[in-house]
Amino acid sequence: MEARTAAKASPRVLIVLVLVAIAAFILDQGSKYLVVTTLKPDEVVPVLGDLLQFQFVKNPGAAFSIGNAYTWIFSILASVVTVFIIWFARRIRSLGWAIVFGLLLGGVLGNLTDRLFREPGFGVGHVVDFLRIPLLPAIFNIADSAIVVSMGLFLILTLRGVGLDGSRPVRPEDDESDGARESSATSPGETS
């Protein structure tokens, strides 16, 4: 019976994952719609002076426009990642991990939608990028940002040792300090 309980997904965690994915997807696709309908290709619009600019570009490749001739491969990979996250979601019982996978799912779906439904055609569509920070060598979008933030959270949770169920491994120094507290917490009449 315990194995079934452990394998059962938490409805609250799944709801968080889905809501985060939907929010990332809507923000991404909504911002891309506004960019496509209001900006001309390669037009630069200062938003925060030189710190942040909008520049509408169509990216047929991956980050830094790498792999322009392999757009269809990125579509397949994004589809595989999407299916994996949906299948894997039932194992997640930690809100932190739900946010990680929700951001990743929303970001992947945002860029996959572009690849499937934008010109030049199904599966080889160009991704709309528009966020430009002159300190970075790339122009990106909200989906890319969601993916990068999810990877940052992934590293933090992994380095902190947080499991998919929210548990953390007991460190040896925690065991020693617990033992020290137990031995020092003797009742009045007890002697060591």
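Remember, predicted model here, so these are calculated numbers, not experimental data. (Residues numbered from 1 in each chain as written. Predicted model: local features only at pLDDT ≥ 70, side-chain atom pairs only at ≥ 80, totals over all residues. Heavy atoms only, no water.)

J.: Describe the pairing of strand S3 (residues 127–132), and please don't skip the residues or the numbers.
T.: Along S3, five of the six residues are buried, which leaves the element largely enclosed by surrounding structure. In the sheet, S3 pairs with strand S4 (residues 139–140) via two bridges, with the strands oriented antiparallel. Its bridge partner being in S4, Arg132 is matched across the sheet by Ile139. Hairpin connection from S3 to S4: six residues lie between these consecutive antiparallel strands. (Buried < 20%, exposed > 50% of the residue type's maximum accessible area, 1.4 Å probe, protein only. Helix = DSSP H or I, 4+ residues; strand = E, 2+ residues; numbered from the N terminus. Pairing = 2+ DSSP bridges.)

J.: Tell me what's going on with the pattern of salt bridges, and back it up with residues and numbers.
T.: A complete count under the given rule lists three salt bridges for this structure. Residue Lys32 is joined to Asp114 by a salt bridge in which the shortest nitrogen-to-oxygen separation is 2.8 Å. Placement of Lys32 in helix H2 (residues 11–38) and of Asp114 in helix H4 (residues 95–117) is noted, with a sequence separation of 82 residues between them. Pair check on accessibility: Lys32 and Asp114 agree, each one buried. Among the ionic pairs, Arg118 bridges to Asp114, the shortest N-O distance being 2.9 Å. Taken together, the shared-partner salt bridges in this structure form one network comprising Asp28, Lys32, Asp114 and Arg118. (Salt bridge = Lys/Arg side-chain N within 4 Å of Asp/Glu carboxyl O.)

J.: Let's hear about the packing of helix H3 (residues 71–88) against H4: which residues, and what values?
T.: In contact at an axis separation of 9 Å, H3 and H4 are set at 145° when each is read in the N-to-C sense. Two packed elements cross with a definite hand, and for H3 against H4 that hand is left-handed. The residues of H4 that touch H3, namely those facing Thr71, Phe74, Ser75, Ala78, Ser79, Val81, Thr82, Ile85 and Phe88, are Phe101, Leu104, Leu105, Val108, Leu109, Leu112 and Arg115. When the residues that make up the contact of H3 with H4 are grouped by side-chain class, the tally is eleven nonpolar, four polar and one charged. (Axes fitted to C-alpha atoms, helices over the stretch in contact; angles between N-to-C directions. Left-handed = near helix turned anticlockwise from the far one by under 90°. Contact = heavy atoms within 4.5 Å. Nonpolar A, V, L, I, M, F, W, Y, C, P; charged D, E, K, R; others polar.)

J.: Now, about the sheet that holds strand S1 (residues 44–46): what can you tell me, with residues and values included?
T.: Read from one edge to the other, the open sheet built from four strands follows the order S1-S2-S3-S4, with strand pairing classed as antiparallel. Pairing within the sheet leaves two strands with one partner each, and these edge strands are S1 and S4. Alignment of strand S2 (residues 53–59) against S3, held across five bridges, turns out to be antiparallel. Its bridge partner lying in S3, Phe54 is registered against Leu131. Sitting on the sheet, H2 is in contact with S2 and S3, with an inclination near 85° to S3.

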